[in-house]
Amino acid sequence: QVTGWLDAAQARARLGAGDVLVHVARWEGFPLVVFEAIAAGVAVVALDAPYLRYTGLPGGGRLLAAVSRALAPLVDPAARSALSERQAAW
């Protein structure tokens, strides 16, 4: 689904309505959307990137297949909740 431009409040509402944020960008400084998702209680899975290496985010591979494998257990709401709680503590 393509939303077009969203203002900050709309973007936060859209992000907070999700279950998991899959972050696949590698070429930026530490992405604020990761912090925003964690603050909203949304679990985060990411590709391996230097700025994410020591965060404990699942995924961690250099290919989308690694992210897919990390997503599989998160179909369980309890697993998503546990990951969100671990990430919030981080």
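No experiment lies behind these values; they were computed from the predicted model shown.

Undergrad: What is the right way to read the nonpolar core from this model?
TA: Here is a general trend for soluble globular proteins: nonpolar side chains tend to be buried in one another's company. The biggest cluster of nonpolar side chains holds 12 residues, and these are Leu 15, Leu 21, Val 34, Ala 37, Ile 38, Val 42, Val 44, Ala 46, Ala 49, Tyr 51, Leu 52 and Leu 57. For this core, the element with the highest residue contribution is helix H2 (residues 32–39), accounting for three residues. Core analysis: the second largest hydrophobic core is formed by seven residues, Val 45, Leu 47, Val 67 and Leu 74 among them.

Undergrad: I'm lost on a nonpolar patch on the surface in this one. Help?
TA: A surface patch of nonpolar side chains, about 240 Å² in accessible area, is lined by Val 22, Val 24 and Leu 64. Relative to the assigned elements, Val 22 resides in strand E1 (residues 20–23). Given a relative accessible area of 36%, Val 22 falls into the partly exposed group.

Undergrad: Honestly, the confidence of the model for the chain in this entry has me stumped. Any pointers?
TA: When pLDDT is low, close inspection of the predicted coordinates is not appropriate. Put simply, the chain has an average pLDDT of 85, and 98% of its residues get 70 or more. Predicted confidence in the chain is weakest over helix H3 (residues 64–71), with a mean pLDDT of 83, and strongest over helix H1 (residues 8–16), with 92.

Undergrad: What exactly am I supposed to notice about the side chain of Ser 84 here?
TA: Considering the arrangement of structural elements, one finds Ser 84 in helix H4 (residues 77–89). Residue class for Ser 84 comes out buried when judged on its relative accessible area of 12%. Of note is the side chain of Ser 84, whose polar atom sits 3.3 Å from the backbone nitrogen of Ala 43. Sequence-distant contacts of Ser 84, defined by excluding residues within four places in its chain, comprise Gly 41, Val 42 and Ala 43.

Undergrad: I would appreciate a short explanation of H2 in the present structure.
TA: An α-helix turns once per 3.6 residues; consequently, residues spaced three or four apart project the same way. Within the span of H2, buried status applies to Val 34, Ala 37 and Ile 38. The buried residues of H2 occupy an angular sector of 100 degrees when the element is viewed end-on, so they sit on one face. Opposite the packed face of H2, turned more than 90 degrees from it, sit the exposed residues Leu 32 and Ala 39. Looking at the packing, one finds that the buried side of H2 touches H1, E1, strand E2 (43–46) and H4.

Undergrad: Explanation requested: the pairing of E2 in the structure shown.
TA: When a strand is regular, its side chains alternate between the sheet's two faces. Here E2 shows two buried faces, one formed by Ala 43 and Val 45 and the other by Val 44 and Ala 46. Bridge count for E1 against E2 is four bridges, and the pairing is parallel. By the bridge assignment, Leu 21 is partnered in E2 with Val 44.

Reading the values: the criteria
- In every chain, residue numbers begin from 1 and rise along the written sequence.
- Local features in this predicted model are restricted to residues whose pLDDT is 70 or higher, and side-chain atom pairs enter the listing and the counts only when it is 80 or higher, whereas totals over whole chains, interfaces and linings include all residues.
- Values reported for side chains reflect all heavy atoms of the structure, with hydrogen atoms and water molecules removed beforehand.
- Only buried Ala, Val, Leu, Ile, Met, Phe, Trp, Tyr and Cys residues count toward a nonpolar core, and they belong to the same one when joined by side-chain atoms within 4.5 Å.
- Buried, partly exposed and exposed residues are distinguished by accessible area as a fraction of the type maximum, computed with a 1.4 Å probe on protein chains only: under 20%, between the cut-offs, and over 50%, respectively.
- We count a stretch as a helix when DSSP gives it H or I for four or more residues in a row; a strand needs E for two or more, and each element gets its number in order from the N terminus.
- Within this analysis, patches are made of residues with over 30% relative accessible area and no salt bridge. Like charges are joined at 9 Å or less; nonpolar side chains (Val, Leu, Ile, Met, Phe, Trp, Tyr) at 5 Å or less.
- Surface exposure here means Shrake-Rupley accessible area, sampled with a 1.4 Å probe, where a residue is shielded only by the protein chains that are shown.
- Think of a salt bridge as a Lys or Arg side-chain nitrogen and an Asp or Glu carboxyl oxygen that are within 4 Å of each other.
- Known as pLDDT, the predictor's confidence for each residue is given on a scale from 0 to 100.
- A 3.5 Å cut-off defines polar contacts: any pair of N or O atoms within that distance qualifies, except that in protein one atom must be a possible hydrogen donor and the other a possible acceptor, and neighbouring residues in sequence count only when both atoms are side-chain atoms.
- Should any heavy atoms of two residues lie within 4.5 Å, those residues are counted as being in contact.
- The directions considered for the arc run from the helix axis to the C-beta atoms.
- At least two bridges found by DSSP between two strands is the condition for calling them paired.

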